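Structural description and commentary
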Amino acid sequence: MIAIDGPAGSGKSTVARAVAARLGLNHLDTGAMYRSVAFAALRDGIDPSDDTAVAALVQRLSIEVDEWVIVDGEDATEAIRGSAVSVAVSAVAQNQAVRTELVRRQRAWADEQGGGVMEGRDIGSVVLPDADVKVYLTASDSERARRRAGESGQPGHDEVVADLARRDQVDSSRAASPLVVADGAVVLDTTDRTVDEVVDAVVALL
Ligand code: CDP
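This report concerns the structure included in the present document.

What follows concerns helix α2 (residues 30-43). With 14 residues, α2 should cover 20 Å at 1.5 Å per step; its first-to-last C-alpha distance of 20 Å lies within 8% of that length. With 11 of 14 residues buried, α2 is to be regarded as a mostly interior element. Among the residues of α2, T30, A32, M33, Y34, R35, S36, V37, A38, F39, A40 and A41 are the ones counted as buried. Positive phi appears at G45, one or two residues downstream of α2, with a value of about 70 degrees.

Here's what the structure looks like:
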């Protein structure tokens, strides 16, 4: 089991996918699961900060995360990346009942696979504290903004940068499973490294 955590734009998804491909393992993007809950709350007209209503929603929600993201049978692959979901996801991710249920599903995935690459914010600290390899990816603020928003001056750039900063702040300071460098995690700065170099560094830890 390989646990990859880090803030938005640190390279988690790209690296997790590439490590999984290199090792012939499956990969789970847990952020897509939190985004799916936020997507379903907006779909159903539920206030994402209404902890009781969102807790009930997550219990009955079907979420499949693979190459596509299917929520209650509907393809939500693109919708979960939109700005409405990016704004709503922070409230949903602070909901302890949501975390408990999604962590249960993530551990079940890991048990079924018997090995895999999981990425998120709390994988090394909470979901898989006994993972064989734990990595915490970082990158400079300007590089993370560039990866997510493109070069400055492009339409929408400032909004994406503001959303990253806001989510990082909330994710790091929340009470429920905040983003931390897990015990035993190796910190890798991806700012000036190619994807292949980062994958080499992760695989070398096995
Ligand atoms: O792709 P990006 O890094 O922008 O975010 P993501 O991995 O899709 O996660 C979206 C949001 O879900 C994060 O900002 C966290 O609030 C939450 N999340 C979490 O709380 N725990 C996880 N294991 C994964 C995501």
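The next point concerns the side chain of R167. Secondary-structure assignment places R167 in helix α8 (residues 157-173). Sequence-distant contacts of R167, defined by excluding residues within four places in its chain, comprise A8, R35, S86, V89, S90, R121 and R148.

Here we come to the sheet that holds strand β3 (residues 63-65). Strand order in the open sheet formed by 3 strands is β3-β4-β5, and the pairing between neighbours is antiparallel. Looking at which strands have only one partner, the edges of the open sheet turn out to be β3 and β5 (74-75). Where strand β4 (residues 69-71) meets β5, 2 bridges bridge the pair, whose relative direction is antiparallel. In the strand pairing of β5, I70 is matched with D75. Across the sheet, α2 touches β3, β4 and β5, and the angle it forms with β4 is around 40 degrees.

This paragraph deals with the pattern of salt bridges. Summed over the entire model, instances satisfying the criterion amount to 15 salt bridges. Across the salt bridge formed by R167 and D163, the nearest N and O atoms sit 3.2 Å from each other. Residue R167 and its partner D163 are both found in helix α8; the two are separated by 4 residues, about one turn of the helix. Each of the two residues, R167 as well as D163, counts as buried. Taking the shortest distance from any N to any O, the salt bridge between R174 and D171 comes out at 3.2 Å. There is no split in this pair, since R174 and D171 are both buried.

With that out of the way, let us pick up the site of the ligand. The environment of the ligand is made up of 17 residues, and the closest members are R35, R99, R148, R167 and D171. R35 places a side-chain nitrogen or oxygen 2.6 Å from an oxygen atom of the ligand. Separating an oxygen atom of the ligand from a side-chain N or O atom of R174 is a distance of 2.9 Å. Protein chains bury 98% of the 530 Å² of accessible surface belonging to the ligand in isolation. Taken together, the elements giving at least two residues each to the shell around the ligand come down to α2, α4 (83-93) and α8. At 4 residues, the largest contribution of residues to the shell around the ligand is made by α2. Tallied by class, residues from the shell around the ligand come to 4 nonpolar, 3 polar and 10 charged. Two domains each put at least three residues into the shell around the ligand: domain 1 (1-26 + 115-206) and domain 2 (30-114).

For the rest of this paragraph, the subject is the layout of surface pockets. Considering only enclosed or pocket space, the largest pocket measures out at about 960 Å³ in volume. Taken together, 43 residues line the largest pocket, and the ones lying closest to its centre are D29, G31, A32, R35 and R81. Within the residue set of the lining of the largest pocket, elements represented by two or more residues are α1 (12-23), β2 (26-29), α2, α4, α5 (96-113), β6 (116-120) and α8. For the lining of the largest pocket, a count of residues per class yields 13 nonpolar, 13 polar and 17 charged. Each pocket or cavity is described by its volume, and for the second largest pocket that value is around 210 Å³. Lining the second largest pocket we find 15 residues, and of these S10, G11, K12, T14 and R147 sit closest to its centre. Looking at the lining of the second largest pocket, the elements with two or more residues in it are α1, α7 (141-149) and α9 (195-203). Sorting elements by how many residues they give to the lining of the second largest pocket places α1 first, with 4 residues. Tallied by class, residues from the lining of the second largest pocket come to 3 nonpolar, 7 polar and 5 charged.

Cut-offs used in this document
- Residues numbered from 1 in each chain as written.
- Predicted model: local features only at pLDDT ≥ 70, side-chain atom pairs only at ≥ 80, totals over all residues.
- Heavy atoms only, no water.
- Helix = DSSP H or I, 4+ residues; strand = E, 2+ residues; numbered from the N terminus.
- Expected span 1.5 Å × (residues − 1).
- Buried < 20%, exposed > 50% of the residue type's maximum accessible area, 1.4 Å probe, protein only.
- Contact = heavy atoms within 4.5 Å.
- Pairing = 2+ DSSP bridges.
- Axes fitted to C-alpha atoms, helices over the stretch in contact; angles between N-to-C directions.
- Salt bridge = Lys/Arg side-chain N within 4 Å of Asp/Glu carboxyl O.
- Near = heavy atom within 4 Å.
- Polar contact = N/O pair within 3.5 Å; in protein donor to acceptor, adjacent residues only side chain to side chain.
- Areas by Shrake-Rupley, 256 points an atom, 1.4 Å probe, with all protein chains shown as cover.
- Nonpolar A, V, L, I, M, F, W, Y, C, P; charged D, E, K, R; others polar.
- Domains from an automatic or database assignment.
- 1 Å grid on protein atoms, 1.4 Å probe; cavity = no way out; pocket = protein on both sides within 12 Å on 5 of 7 lines; lining within 4 Å.
- Points joined across faces, edges and corners; volume = space filled by probe spheres on them.

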